Amino acid sequence: MTDIGETATPAPSAPSPGAAFGRAIRSFALLRESGAGMVGVGLIALWVFVALFAPLVAPFDPNATLQPFAKPGTVYAQGGTFWLGTDHIGRDILSRIIWGSRAVLFYAPLATASAYLVGILMGLAAGYFRGKMDEFLSFIANVILSFPVLVLYILVIATIGASGINIVIAITFASAPGIMRIVRGLVLDLRNRDYVAAAQTRGESSWYIMLVEILPNARGPLIVDACLRLGYVIITIGVLGFLGLGLPPPDPDWGGMINETRSMALAFPHMTIFPCIAISSLILGFNMLADGLREIAIRD
Amino acid sequence: MVLFILRRLGTMALTMLVVSLLLFLLLEFTPGNVATKVLGPYSSEEQRNLWLEAHGYFEPLWYRYGTWLGRFVSGDFGDSIRFKVPVADVLWPRLWNTAILGFWTFAVMIPLSLMLGVLAGMREGSLLDRTISVTSIVTTSIPEFASAVFLAALFVFWLGILPGTSTMSGGFDWVQLVLPVMVLVLYDFGYVARMTRASMAEVMTTHYIRTAVLKGLPYRRVILKHALRNALIAPFTVITLQVNWLLSGVIVVEFFFAYKGFGALLLEASLNQDIFLIEACAMVAVFVAASTQTIADVGYTVLNPRIRFA
Amino acid sequence: MSDEPPLLEIENLCISYFTRAGEIPAVVDFSMTLHAGESIGLVGESGCGKSTVAMAIMQYMGHNGGIVGGSIRFKGRDLASYSAKELRRLRGSEVAMIYQEPMAALNPSLTLGSQLIEVPMTHEGLRRSEAYSRAVEMLSDVRLSDPERVMAAYPHQISGGQQQRVVIAMALLGKPSLLLLDEPTTALDVTVEAGIVNLIADISKKFGTAQIYISHNLGLILSTCERVCVMYSGEAIEEGRIVDLFERPLHPYTQGLFGCIPLPSCDKNARPLTPIRGQLPLPHERPRGCYFGPRCDYFRDGLCNRELIPMSPSDQSGHRVRCLRWQEVPGETPERVVVARERIQVGEEVLRATGLQKYYPIHDRSLAALISGKGVRYVKANETLDFGACVRETVAIVGESGCGKSTFAKVLMGLETATDGELHFAGDEISRSPVRKRSPQQLGSLQMVFQNPNETLNPSHTIGAQIGRVIKKFGVESDPGKIQQRVLELLDTVKLPRDFYKRRPRQLSGGQKQRVGIARAFAGNPKMVVADEPISALDVSVAAAVTELLMDIQREHGTTLLFISHDLSVVRYLADRIVVMYLGQIMERGTTEQVFAPPYHPYTEALLSAVPIADPNVKKREIVLEGNIPSALNPPKGCPFATRCPRKIGDICDNEMPPRKSDHPRHVIACHIPLEDLIKVEPVFRTVAGEAAE
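One structure accompanies this document, and this report is about it. (Residues numbered from 1 in each chain as written. Chains lettered and ligands numbered in written order. Predicted model: local features only at pLDDT ≥ 70, side-chain atom pairs only at ≥ 80, totals over all residues. Heavy atoms only, no water.)

## Focus on a nonpolar patch on the surface
All names here are of chain A.
Then, number 1: Together, L117, V118, L121, F129, M133, W207 and L211 make up an exposed nonpolar region whose accessible area comes to about 630 Å².
Then, number 2: Going through the elements one at a time, α4 (93-129) and α9 (206-214) are the ones with two or more residues in the nonpolar patch.
Then, number 3: Among the elements that take part in the nonpolar patch, α4 stands out by supplying four residues, more than any other.
Then, number 4: Take M133: its relative accessible area is 35%, and that puts it in the partly exposed class. (Patch = residues over 30% accessible without salt bridge, like charges linked within 9 Å, V, L, I, M, F, W, Y side chains within 5 Å. Areas by Shrake-Rupley, 256 points an atom, 1.4 Å probe, with all protein chains shown as cover. Salt bridge = Lys/Arg side-chain N within 4 Å of Asp/Glu carboxyl O. Helix = DSSP H or I, 4+ residues; strand = E, 2+ residues; numbered from the N terminus. Buried < 20%, exposed > 50% of the residue type's maximum accessible area, 1.4 Å probe, protein only.)

## Concerning the state of the cysteines
Residues and elements named next belong to chain C.
Then, number 1: Counted under the stated rule, the structure contains zero disulfides over all chains.
Then, number 2: No disulfide involves C48; its sulfur sits 9.1 Å from that of C229, the nearest cysteine.
Then, number 3: The class for C48 is buried, based on a relative accessible area of 2%.
Then, number 4: Unpaired in terms of disulfides, C290 finds its nearest cysteine sulfur in C304, a separation of 6.1 Å.
Then, number 5: Assessed through its relative accessible area of 14%, C290 is described here as buried. (Disulfide = S-S within 2.5 Å.)

## Some remarks on the pattern of salt bridges
Then, number 1: Summed over the entire model, instances satisfying the criterion amount to 51 salt bridges over all chains.
Then, number 2: Its salt-bridge partner being D291 of chain A, residue R194 of chain B comes within 2.9 Å of it at the nearest N-O pair. With R194 of chain B in helix α8 (residues 174-204) and D291 of chain A in helix α12 (residues 270-299), this residue pair bridges two chains.
Then, number 3: A residue is classified by how much of its surface remains accessible, and R194 of chain B, at 22% relative accessible area, is partly exposed.
Then, number 4: When its relative accessible area of 16% is taken as the criterion, D291 of chain A is described as buried.
Then, number 5: Of the charged contacts, one joins K405 of chain C and E533 of chain C as a salt bridge, the two residues approaching to 3.8 Å between their closest N and O atoms. Of this pair, K405 of chain C sits in helix α13 (residues 405-413) while E533 of chain C is found in the loop between β19 (528-532) and α19 (540-557), placing the two residues 128 residues apart along the sequence. The two residues K405 of chain C and E533 of chain C agree in class, both being buried.

## Some words on the packing of helix α5 (residues 87-122) of chain B against helix α13 (residues 275-303) of chain B
Two packed helices can be described by the angle between their axes and the distance between those axes.
Residue and element names in this part refer to chain B.
Then, number 1: Relative to each other, α5 and α13 sit at 40°, their axes nearing to 10 Å. Regarding the angle of α5 to α13, the classification is oblique. For α5 against α13, the interelement crossing comes out right-handed. Residue-level contacts link V87, V90, L91 and L95 of α5 to F276, L277, A280, C281 and V284 of α13. (Axes fitted to C-alpha atoms, helices over the stretch in contact; angles between N-to-C directions. Parallel < 35°, antiparallel > 145°, perpendicular 65-115°, else oblique. Left-handed = near helix turned anticlockwise from the far one by under 90°. Contact = heavy atoms within 4.5 Å.)

## Overview of the interface of chain B and chain A
Then, number 1: In this complex, chain B contributes 46 residues to the contact, which on the side of chain A involves 39 residues.
Then, number 2: Summed over both sides, the interface between chain B and chain A buries roughly 3,700 Å², with carbon and sulfur atoms accounting for 79% of that surface.
Then, number 3: When residues of chain B are sorted by the area they lose upon contact with chain A, S141, F145 and F255 of chain B head the list and together hold 16% of the total.
Then, number 4: Between chain B and chain A we count one salt bridge in total.
Then, number 5: Between chain B and chain A we count five residue pairs in polar contact (both at pLDDT 80 or more) in total.
Then, number 6: Breaking the side of chain B that touches chain A down by element, the ones donating at least two residues are α1 (2-28), α6 (127-140), α7 (144-158), α8, α11 (233-257), α12 (262-271) and α13 of chain B.
Then, number 7: A per-element tally of the side of chain B that touches chain A places α7 of chain B first, with nine residues.
Then, number 8: Residues of the side of chain B that touches chain A, tallied by class, amount to 37 nonpolar, eight polar and one charged. (Buried area = accessible area lost by both parts, 1.4 Å probe. Polar contact = N/O pair within 3.5 Å; in protein donor to acceptor, adjacent residues only side chain to side chain. Nonpolar A, V, L, I, M, F, W, Y, C, P; charged D, E, K, R; others polar.)

Here it is as structure tokens:
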């Protein structure tokens, strides 16, 4: 017999400990080719920076009453400038936006992660076990999804009260069924792959197969979806604040800022416009990132 | 086919039943509050207990649920605590107002988003495609309350050509409908357009489109006869499901523009713990959402011959 | 030949795709001349650029492909000078195409009728009614039995073979002078394929249409074309008349291809396959000079890797070859260092299926089913299977799609449980014990090699981790260092470099992935390995290497191999015994020699006749089956093959299960026809020249 080893493609043999990190770097390198993705990364990075360094960046105490109804650019008598003006009780809007980013960037990822945890477990179980388990979980998902989302939030928040942790619970409750559907669809597809059959024929347990064999291969679509969903969650937190069901005052919350000043919006548009720009830009960041990631996923 | 529709209706009825039970439990598991809400904070303990007994609150839970559901199905939704009138009297006119708002939103949004989506998907990667895609990402990133603020600032504060509220206090007024519809369309069209674009782009890469082109058919015929039919199946489902989103959107928009609609009513009821009104509103909302879901499922089956004959 | 210009002239064609990574040359230097009414075959492995040539003739390259050099002249005029409108007139009426996947080529939401009539309506301006009658006529020309019904049907309502006939009808409706066929039967079952090939051969006679037949299968080209052009890595490397090229291949690659095909003259012990080493270079990694150089046994440094090698004629008949040393290359398939293997000694029985049955319940919720009370129906995937396999033996299960061969594998592996009957493996009854109830020993002694190279390995884990997991799971080793050592040894066994340990599946080619799959299956020292179509997704040269590897390891380990396949040529080459299945039942079983010689079961006979053989010296009797394979949900009451059987003897076939007959203890045929009559049947194959086989 002649040698029939196929040894044509030389590939870099990456050291295994840093492999995951190396792959993250490579994904980022791919993302750099997508314009939308980079804009998204930039916007998100900006807000994360602002939130982390809020005490250093913010010119004033966000809750201090300084000078009511100041227009943007007004110079404060005791030093400093209200770059974005002040609200009706004289708090600096820029400082409130800066501090408010902390609330959004804390609760939105927390709520999304919690919804994903529940949704992924439900989806894995429904898609892998199928049968009665699937019917039961899918029916629950259908019931919850048949509520218009905001109606559900309002009902839950109105019942259990408005607080940060309750918002996380409400978002988990309302979003997990949607995530479950996506995961279930992916699992139904992936469970028929030969490598799953191979795992079954060597006697692996169901949870090993779900978590080690199936879930890692579903990560692509799930990461894209998570970015989009983070955007939705930020919208939700904003809307709840806007409707007066958000984080309790006086700490700054973007949706709440708009709610408090919207009656004056026609006379003093700056009070509402700037928080709106803030929230829209952050959501845009996540949507752009999702778009960039999707583009990479398609090209792979 | 008949059986399929019946089965879908059955599932829907079951969903509604479970929803009603959930709502009932969610809102009534603190009976003390109900009496306080109805009789006011200055009522005595004795008065509250009397009221609770008179309204059957000491009966077993399942019995109360049964009677409530029975009355609900027969159209008796109870009295609104806040408005001091039967719930039905406030609910139906408000629902009608929201229907008008919803109708115009769809009337503008559907043709706009389908057209943009098809144009973008027809030539994937073209300048037009990228413009439409970026625009729709941006518009879907602006929540309704934010676009309401932006549009109000632009058209009311700076240009002064539109009214900033839509109370319709002087009777129905077209001009007052413009801003709410604009806000809703702006937020929704991007999503539908993107879905249409994705569907169209996918169809354009299929082998049967290649077959059609290589048959020597004119481009217009390839698009109109071969591509559109298949490309519009997915957006159909997306559009029917938008009804569900719209029900969320109207809450924000009606609240912002003080439009006397269903969404504002639901919010008002929730903030005031007006439980009979909340129950009625929520049931109506779920009914609308569940019916459109059913219509979407049935419609999808009708549109798609592969399923229709399976 | 007349003075008028040839129908199609392709000269030095170069086609590239432009991607973010840069220019990828798909076709480098391709020339071809085709005269009216002539048929030429384009052969090559995947990625050689044969479909790209067809798309270039259609001027349909997508937005990132383009012709970067050379010309295509149709009836003397350069296609590049056609306007969009002229191109439209050309497509469909002058040049028509038939595609690989008929289901995908037809619009799912339009009736077949409306897709057919638009061809004459567009090109000849016919009215709807005229176009309709023309389409109906054409449908009966492509031998569809009920044209009116087909006209009103949607694509998914007819079978794959019928769909391909509709696509052919659609192409012919424009009365083209050139027909491009891009792997038109690859997606079809072998008996259906035979019918289509037969039809295509008739078309060229009846309509005088010139044809370019693209295929990876040399056997199909032999039965459809007059000339053939072999492509490798974007170039034509050899071209000539069928007889010349098949009798005397000149290019080392062409010779290598023939060495990879399990021809009837091959034998796994005396004359094994001779795979081509290495693999197809990627388009941007092609070597200097001869692209086949690195894989060629006749490669000479300083000659073959200097500059681009031109096509040069070898004689007056138009036989051309792209090789500098063709005169020095022996004309026959090279006599490599072939170690004739010893015949293996079969041991005791390790597997025995007795009356094995597997039904899948289907819950029908339609109105009619509810009324008639037939809410649950059964897919009869396996029906009374009886056969066995011995130690060191290779048993093949052959059959077309839906015959239940994969279902049997699933029951055997414990992924499904049988509905009835018994299945003994190594002393245990396992027909009703699912995977999770089997002991690690049982699991380890019965392993599987899967069909699809892209699905067999988990893309998220490294090769080493995946093989190591098996070793750990079956308790072969538990110490991490020893596990790694064992994995490396296994990589050696399947002839993969050791640094594949840290690679991920996406960095591997299809053949390499299958090798890893084999390593994984043998990691637990199994008694028996089930291989479900392990090479059907691979290219010819790679498939040969994997086949040889599988057999070597089997021999080394003394393993029983259950080889599931649809390909009779491969099965004939490697199996000791064969089980022929149709619609869940065994039609015939016996040793390979018994199955390939009379008496045949009529289905086996048809199956044998349908296999394309790339050897002009082997003649076969043509048996074309009519009709479709019935649904396993509703199989015929009597013999499952009765609906298509050309030798049906009467109502008894339709109504009664055929009895099992034996002319030899291990040869069983399930048929109503008396054995005496079956014995009289002529053999399907006949060697003409006589000297080819021995």
